[in-house]
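# What the coordinates show
Given next are the chains, with one letter for each unit.
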Amino acid sequence: MRGYRWYFLIIVMFLSVAEATSYGGSKENLQLQIPKEVQQELDAHIEKQKGADSCATEYKKARRFYWGDVNGDGKQDITVLYTIEGFNCGNNYNFYLAVFLNQKGRFILVASTEVGGKSKRFVDFNSIKDGKIILDTKEYLPGDATCCPSGKGQAEYILKDNQILPVKEDIKQHKGGK
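What counts and what doesn't
Residues numbered from 1 in each chain as written. Predicted model: local features only at pLDDT ≥ 70, side-chain atom pairs only at ≥ 80, totals over all residues. Heavy atoms only, no water. Helix = DSSP H or I, 4+ residues; strand = E, 2+ residues; numbered from the N terminus. Buried < 20%, exposed > 50% of the residue type's maximum accessible area, 1.4 Å probe, protein only. Contact = heavy atoms within 4.5 Å. Areas by Shrake-Rupley, 256 points an atom, 1.4 Å probe, with all protein chains shown as cover. Phe/Tyr/Trp six-rings, centres within 6.5 Å; stacked < 30°, edge-to-face > 60°. Disulfide = S-S within 2.5 Å. pLDDT = per-residue confidence, 0-100. Core = buried A, V, L, I, M, F, W, Y, C linked by side-chain atoms within 4.5 Å. Salt bridge = Lys/Arg side-chain N within 4 Å of Asp/Glu carboxyl O.

### Some points on the overall build of the protein chain
For the protein chain, the count of helices and strands is two helices and nine strands. For the protein chain, the α and β elements follow one another from N to C terminus as α-α-β-β-β-β-β-β-β-β-β. In the protein chain, which comprises 178 residues, the share counted as buried stands at 39%. Contacts spanning at least 24 positions in sequence make up 47% of the contacts within the protein chain whose residues lie at least 6 apart. Accessible surface, the protein chain: about 10,800 Å² in total, of which carbon and sulfur atoms supply 54%.

Spelled out as structure tokens, the structure:
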């Protein structure tokens, strides 16, 4: 019976270490605690983006935070994918990417940019590797309806001079994206 206790303790310790190492820039780190100040600063930034457009609204359920070293300083930064929809009271939406740099334990919003949207492309987070933010994309190909882009691809972004810049886009140019 005692052997099972040690076995159980070892498994629990292993799972705890595995959870702690998922802190890097991957999809597994979605559940980490996001500082309240980051949420508040992002809310204020989005309000500025919407401007005087009373119809524009953020689709908060689509807001996603990701951890990873974006600027190569060895510290975990926060990137955010978020969506604003309904500009000019229309049935449209845009995807945005924002970067919060870790500066002495405080996260500072340094940049945001549009990375997709209706009739542009769908985006989803892939990873942060070597300072690159990698997004999986679904691109619109000829004949695609606005609901359903069929081309699969990836887009890579870097942070340079406090701007988010595209560095690579790879699109599979046929139906099914194989």
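### Observations regarding the packing of aromatic side chains
Overall, the coordinates contain seven aromatic pairs when judged by the stated rule. On the basis of an interplanar angle of 55° and a centroid distance of 6.3 Å, the ring pair of Y93 and F122 is categorised as tilted. Here Y93, found in strand 4 (residues 93-103), pairs with F122, found in strand 6 (residues 121-129); they are 29 residues apart in sequence, far enough to count as distant. An aromatic cluster is built from Y93, F95, F122 and Y140, whose rings are joined through pairwise contacts.

### Things to note about the state of the cysteines
Under the defined criterion, the tally for this structure stands at two disulfides. Across the disulfide from C55 sits C89; the S-S distance is 1.7 Å. In this structure the cystine formed by C55 and C89 twists about its S-S bond by roughly 50°; its chirality is therefore right-handed. Here C55 is found in the loop between helix 2 (36-50) and strand 1 (57-58), whereas its partner C89 is found in the loop between strand 3 (77-85) and strand 4, with 34 residues between them in sequence. Disulfide connectivity for the protein chain, with bonded cysteines indexed by sequence position, reads 1-2, 3-4.

### Some points on the confidence of the model for the protein chain
When pLDDT is averaged along the protein chain, the result is 83; 77% of the residues meet or exceed 70. Per-residue pLDDT stays below 50 along residues 4-28; that stretch engages in 22 contacts with residues further than four places along the chain or on separate chains. Low pLDDT, under 50, characterises residues 174-178; the stretch is placed with 14 contacts to residues that sit more than four places away or in other chains.

### Some remarks on the environment of V70
Within the element layout of this structure, V70 appears in the loop between strand 2 (64-68) and strand 3. In this structure V70 comes out as buried when scored by relative accessible area, which is 3%. In the structure, V70 is positioned 30 residues away from F100 in sequence and 9.1 Å away in space, judged by C-alpha atoms. Sequence-distant contacts of V70, defined by excluding residues within four places in its chain, comprise D77, T79, V99, I128, G131, I133 and L159.

### Comments concerning the nonpolar core
Of all hydrophobic cores here, the largest spans 21 residues; its most connected members are L81, V99, V115, I133, L135, Y157 and L159. Mapped onto this core, the elements with two or more residues apiece are strand 4, strand 5 (106-117), strand 6, strand 7 (132-139) and strand 8 (151-160). Ranked by residues supplied to this core, first place goes to strand 4 with five residues.

### Describing the pattern of salt bridges
Applying the stated criterion across every chain yields a total of seven salt bridges. D43 serves as the salt-bridge partner of R63, at 2.6 Å between the closest nitrogen and oxygen. With R63 in the loop between strand 1 and strand 2 and D43 in helix 2, this residue pair connects regions lying 20 residues apart in the sequence. R63 gets classed as buried once you look at its relative accessible area, which sits at 9%. Classification of D43 as partly exposed rests on a relative accessible area of 26%. Across the salt bridge formed by R63 and E58, the nearest N and O atoms sit 2.7 Å from each other. Like R63, the residue E58 is buried in the burial classification. Linked by salt bridges that have partners in common, D43, E58, K60 and R63 make up one network.

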